[in-house]
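The lines below spell out each chain.
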Amino acid sequence: MQCAVLLSRNIILFISTLKVVAPRPSSSRLARRFGSGNLTFSAKMETNLEIESAFRGLIDTNKIVIFSKTTCPFCKKVKNIFNQLQENYHALELDNYPAEKTSQMQDVLKDMTGQRTVPNVFINKQHVGGCTDTEQALADGTLFDRLEGTFNTYDYDYIVIGGGSGGLASAKEASSYGRKVACCDLVLPSPQGTSWGLGGTCVNVGCIPKKLMHKAALMGEDIEDSAYFGWTTDNKRHSWEEMVTNIQDYIKSLNFKYRTDLKKKEVTYYNAYAKFVDKHTLNLYNKEGNFMKTITGQNFLLAMGCRPVYPDFPGARDLCISSDDVFSLKEPPGKTLIIGASYIALETAGFLVGLGFDVTVMVRSILLRGFDQDIANKIGETLEAHGVKFVPKHVPESVTKNGENLLVRAKSLSDGSEYIDTFKTVFLAIGREPCTTGIGLENLNVKFQESSTRIEVNEFSQTSVRNIFAVGDVVEEKLQLTPVAIQAGKLLAKRLYGKGKALFDYNHVPTTVFTPLEYGCVGYSEEDAMKKFPDQIEVYHLHFQPLEWDLNKRNKNKSYGKLICLKSEQERVVGFHYLGPNAGEITQGFALALKLGAKKDDFNNLIGIHPTCAEIFTTMTITKASGKPAEAGGC
Ligand code: NA7
């Protein structure tokens, strides 16, 4: 019978459960070493010294020696590990000898290794330990180094490159298992010279400032709406400078917290740029590019994240800004052109227009590629209703200085005509690229995903180099999300050092786009579900008006919910889409329902909380196929 055993060595070993890979110690050999043919000790072999010398002989002449007992389940476990690795071992079964000799041999082992119990494992003349130690060495990879005879002690057990969400989470987790951990992080300034502290994209130039600016924009709406609720608010004015100062102060407090967290968790922090010298050695450089020091490590985690892509049209790098810069702009951006139409572009358009700026979005093809297109178009309509102007099917050709402003020339992809306008700010959001070049990976044979600079990893987050792992945006193409990186980083550290076995579950990762009308989703988009399950999809949907927007008719009837159900599985819900207020909070809860395999009936049987937006998912009866208008009734 064949069975496949997947080991963290990045190979699948097919082993036969019937085949005995390991040689049994030959009794004549034992007799030679330990006494007569009936395995009793001769008087000559009775001193501890003689036994130790015989043991040393075994250890010196066999790559793997297991001092074992035939009845010990942990010894069996250890042998099984080597069987699966197809490594021959020499097992000395201590209980094949009279009890007092067994005990004496264990005393000798205790003197030699500090460990009296079996299994007692030696590889390449070095003591490994018992079953737990051998399993741990298998998990953290040192077993392979021992087998290859390259085992060494390094400055650190685990070195994380990149102090973003994934890297920090993994470093702290590894350290919590008593491992010696270091984290290297150095932010290279953007072309506009913006730089930041520890914490990575999410904290400094991503989720955190984005959500706060989104909130600032929503507050503007609330102030407008407040009149309908009896408030008088005179002099509605917004100070960009005040908002940026407060947000940046908050971010600095987070940077400080991350540094003190690392200290508390005893992770050594190097504010340094790391470059591999070999697969166990890094050279560290300071921000001026000067060599600082060399450090060595057993395992490495690549968690360097991504940075914005700069196209090569004239003016792109020197005159345009990106998400690296917008959250710390000292001056208000003024009239802004946003190039790109994915979520960074639309979220930025959303909060800038909400803060009162004149915003134009230049779109090459479609909005929110990869997201449900029905919803993407609804987001476009709502942004337009908020005042965002769209320039569809255009690509930029140049940005030049025009006095205090920037002159943008672009080309229509429909008829080739030229578009010209002036802006105070041009914001690029045309994608992000992994920071995987310039750190010496090319010399180590770390494999990249096909025609990309993203790192290829297996399901254990392991790269093509056994002791080098990668998580987060350097790996993910579609799921560049902080919680994904955190979870992957933590699970990896748990597998390496904490006896964890769990792998990252890519199913049902929820996300939210914080355009003024927020969009939360989990599972399949309608078009992907149709492709994956042809003729098996039923779509339930509903437009609705949140109560809090009813008095002033804000975003009139633009809120929307959609459940994508699989007919062949009793309408299991495989896609959840929500467009409306508090999308993140609502989607988070329903994501659990999808993860647990909820069916449409489960949603129907759930009692709604009234009056809320989320309750629409408990009362959806209109299918898209019916063609009936999907409007919510009253209570
Ligand atoms: P995305 O999601 O990679 O989207 C890039 C957007 O920019 C998309 O709308 C593209 O249009 C557009 N694009 C790409 N190249 C160009 C050029 N040369 N000119 C004009 N427009 C262009 O990037 P984001 O910046 O939003 O980053 C979000 C990332 O974070 C993303 O990778 C997520 O996974 C996480 P297209 O649809 O390709 O025609």
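Heads up: the structure comes first, above all this text.
Per-chain numbering applies: the sequence of each chain, read as written, is numbered from 1 onward. Reporting of local features is limited, given that this is a predicted model, to residues whose pLDDT is at least 70; pairs of side-chain atoms are given and counted only at 80 or more, and all residues count toward the totals for whole chains, interfaces and linings. Excluding hydrogens and water, the side-chain values take into account all heavy atoms of the structure.

(A) Fine view of the overall build of the protein. Helix and strand counts for the protein come out as 18 helices and 28 strands. Seen through its C-alpha atoms, the protein measures out along the principal axes to roughly 105 × 60 × 50 Å. In the protein, which comprises 635 residues, the share counted as buried stands at 53%. Contact criterion: two residues are considered in contact whenever any of their non-hydrogen atoms come within 4.5 Å of each other. A fraction of 64% describes how many contacts in the protein between residues 6 or more apart in sequence connect residues 24 or more apart. In the form shown here, the protein has an accessible surface area of approximately 29,700 Å², with 52% of it arising from carbon and sulfur atoms. Measuring between centres, the 73 positive side-chain charges of the protein sit 6 Å from its 71 negative side-chain charges. Helical segments are the DSSP runs of H or I of at least four residues, strand segments are the runs of E of at least two, and each set is numbered from the N terminus. Whether a residue is buried, partly exposed or exposed follows from its accessible area with a 1.4 Å probe, protein chains only, as a fraction of its type maximum: under 20%, in between, or over 50%, in that order. Only the protein chains shown count as cover for residues, and the accessible areas themselves come from Shrake-Rupley with a 1.4 Å probe. In this tally, Lys and Arg are treated as positive and Asp and Glu as negative; His is ignored, and so are the chain termini. Taken as the charge centre is NZ of Lys, CZ of Arg, CG of Asp or CD of Glu, depending on the residue.

(B) Quick peek at the site of the ligand. Being near a molecule or strand, for a residue, means having at least one of its heavy atoms within 4 Å of it. Close to the ligand lie 17 residues; Ala341, Ser342, Arg364, Ser365 and Arg369 are nearest. Counted as a polar contact is a pair of N or O atoms within 3.5 Å, where, for protein atoms, one must be capable of donating a hydrogen and the other of accepting one, and residues adjacent in sequence contribute only when both atoms are in side chains. Ile344 places a polar main-chain atom, nitrogen or oxygen, 3.4 Å from an oxygen atom of the ligand. Here an oxygen atom of the ligand and a side-chain polar atom of Arg364 are 2.8 Å apart. Coverage of the ligand by the protein chains reaches 81% of its 760 Å² of free accessible surface. When residues are grouped by polarity, Ala, Val, Leu, Ile, Met, Phe, Trp, Tyr, Cys and Pro land in nonpolar, Asp, Glu, Lys and Arg in charged, and all others, Gly among them, in polar. In the shell around the ligand, the residues fall into 7 nonpolar, 5 polar and 5 charged.

(C) Main features of the pairing of strand 5 (residues 120-123). Side chains Asn120 and Phe122 project from strand 5 onto one buried face, and the interleaved Val121 and Ile123 project onto a second face that is buried too. A pair of strands counts as paired when DSSP detects no fewer than two bridges linking them. In the sheet, strand 3 (residues 64-68) pairs with strand 5 via 4 bridges, with the strands oriented antiparallel. What sits directly across from Ile66, in strand 5, is Val121. Two elements, strand 5 and strand 6 (residues 126-129), share 3 bridges in a ladder whose sense is antiparallel. Looking across to strand 6, one finds that Ile123 is bridged to Gln126.

(D) Looking closely at helix 4 (residues 99-113). Helix span, expected: 1.5 Å multiplied by one less than the number of residues in the helix. Relative to the 21 Å expected for 15 residues at 1.5 Å per residue, helix 4 spans 21 Å between its end C-alpha atoms, a close match to the ideal helical length. Regarding helix 4, the residues found buried are Lys101, Thr102, Gln104, Met105, Gln106, Val108, Leu109 and Met112. Close packing links the buried residues of helix 4 with helix 2 (48-61), strand 3 and strand 5. Looking one or two residues past helix 4, Gly114 carries a phi angle of roughly 80°, positive in sign.

(E) How the structure looks around the packing of helix 9 (residues 207-226) against helix 10 (residues 240-264). Orientation is described by lines fitted to C-alpha atoms, with helices fitted over the stretch in contact, and by angles between N-to-C directions that extend from 0 to 180 degrees. Interaxial distance between helix 9 and helix 10 falls to 11 Å at its minimum, and their mutual angle equals 145°. Considering the relative orientation of helix 9 and helix 10, their crossing is right-handed. Counting all contacts with helix 9, which are made through Ile208, Pro209, Leu212, Met213 and Ala216, the residues of helix 10 involved are Trp240, Met243, Val244, Ile247, Tyr250, Ile251 and Leu254. Of the residues belonging to the contact of helix 9 with helix 10, the class tally is 12 nonpolar, no polar and no charged. The sense of a crossing depends on the near helix, which, turned anticlockwise from the far helix by less than a right angle, makes the crossing left-handed and, turned clockwise, makes it right-handed.

(F) Structural detail: the environment of Pro98. The residue Pro98 is located in the loop between strand 4 (90-93) and helix 4 in this model. The class of Pro98 is partly exposed, set by a relative accessible area of 30%. Separated by 51 residues in sequence, Pro98 and Thr47 have C-alpha atoms that sit 15 Å apart.

(G) Inspection of the environment of Leu58 at higher detail. By secondary structure assignment, the location of Leu58 is in helix 2. In this structure the C-alpha to C-alpha distance between Leu58 and Leu592, which are 534 residues apart in sequence, comes to 56 Å.

(H) Broad picture of a nonpolar patch on the surface. Taken together, the side chains of Tyr228, Phe229, Trp231 and Leu551 make up a nonpolar region of the molecular surface, amounting to roughly 520 Å² of accessible area. Looking at the element boundaries, Tyr228 is found in the loop between helix 9 and helix 10. For patches, a residue must show more than 30% relative accessible area and have no salt bridge; joins then use 9 Å for like charges and 5 Å for nonpolar side chains, namely Val, Leu, Ile, Met, Phe, Trp and Tyr. Salt bridge, as applied in this entry: a Lys or Arg side-chain nitrogen positioned within 4 Å of an Asp or Glu carboxyl oxygen.

(I) View of the pattern of salt bridges. Summed over all chains, the structure comprises 27 salt bridges. Residue Asp140 is joined to Arg179 by a salt bridge in which the shortest nitrogen-to-oxygen separation is 3.0 Å. Highlighted residues: Asp140 in helix 5 (residues 131-140) and Arg179 in the loop between helix 7 (165-176) and strand 8 (181-184), separated in sequence by 39 residues. Residue Asp140 shares its accessibility class with Arg179, and that shared class is buried. The shortest N-O distance in the salt bridge between Lys562 and Glu526 comes to 2.5 Å. Taken together, the residues Lys562 in strand 27 (residues 559-566) and Glu526 in helix 16 (residues 526-532) connect sequence positions 36 residues apart.

(J) The arrangement of helix 7 in detail. For helix 7, spanning 12 residues, the distance from its first C-alpha to its last is 17 Å, which sits close to the expected 16 Å at 1.5 Å a residue. Of all 12 residues in helix 7, 11 are buried, a share of seventy percent or more. Turning to helix 7, its buried residues are Ser165, Gly166, Gly167, Leu168, Ala169, Ser170, Ala171, Lys172, Glu173, Ala174 and Ser175. Looking at the residues trailing helix 7, positive phi occurs at Gly178, about 80°.

(K) Spotlight on a positive patch on the surface. Among the surface-exposed residues, Lys264, Lys265, Lys490 and Lys494 lie close enough to one another that they form a single positively charged patch. Residue placement: Lys494 occurs in helix 15 (residues 482-497). What makes Lys494 partly exposed here is its relative accessible area of 32%.

(L) Structural detail: the packing of aromatic side chains. To pair, rings of Phe, Tyr and Trp, with the six-membered ring standing in for Trp, must have centres within 6.5 Å; the planes then decide the type, stacked if under 30 degrees apart, edge-to-face if over 60, and tilted in the middle. Scanning the model with the defined rule gives 19 aromatic pairs in all. Ring centres of Phe276 and Phe300 lie 5.1 Å apart, and the angle between their planes is 65°; this geometry places the pair in the edge-to-face category. Remark: Phe300 occurs in strand 12 (residues 291-302) and Phe276 occurs in strand 10 (residues 273-278); sequence separation between them is 24 residues. Exposure remark for Phe300: the relative accessible area of 0% places this residue in the buried category. Each residue in the set Phe544, Phe576, Tyr578, Phe590, Phe603 and Phe617 is aromatic and connected to the rest through ring pairs, giving one cluster. We count a charge as sitting over a ring when the NZ of a lysine or the CZ of an arginine lies within 6 Å of the ring centre and within 35 degrees of the ring normal. The ring of Tyr285 has Lys275 lying over it, and the distance from NZ or CZ to the ring centre is 5.6 Å.

(M) Molecular detail of the pairing of strand 8. Where burial is concerned, the two faces of strand 8 agree: the one with Val181 and Cys183 and the one with Ala182 and Cys184 are both buried. Inspection of the sheet shows strand 7 (residues 156-161) paired to strand 8 by 4 bridges, in the parallel sense. Of the residues in strand 8, the one forming a bridge with Ile159 is Ala182. Here the term right-handed applies to a crossover when the path leading from its first strand over the helix to its second strand runs clockwise, the strands being oriented away from the viewer. Between strand 7 and its parallel partner strand 8, the chain crosses via helix 7, and the hand of that crossover is right-handed. Where strand 8 and strand 9 (residues 267-270) come together, 4 bridges link them in parallel fashion. Paired with Ala182 across the strands is Thr268, a residue of strand 9.

Just geometry here; none of it tells us what the structure is for.
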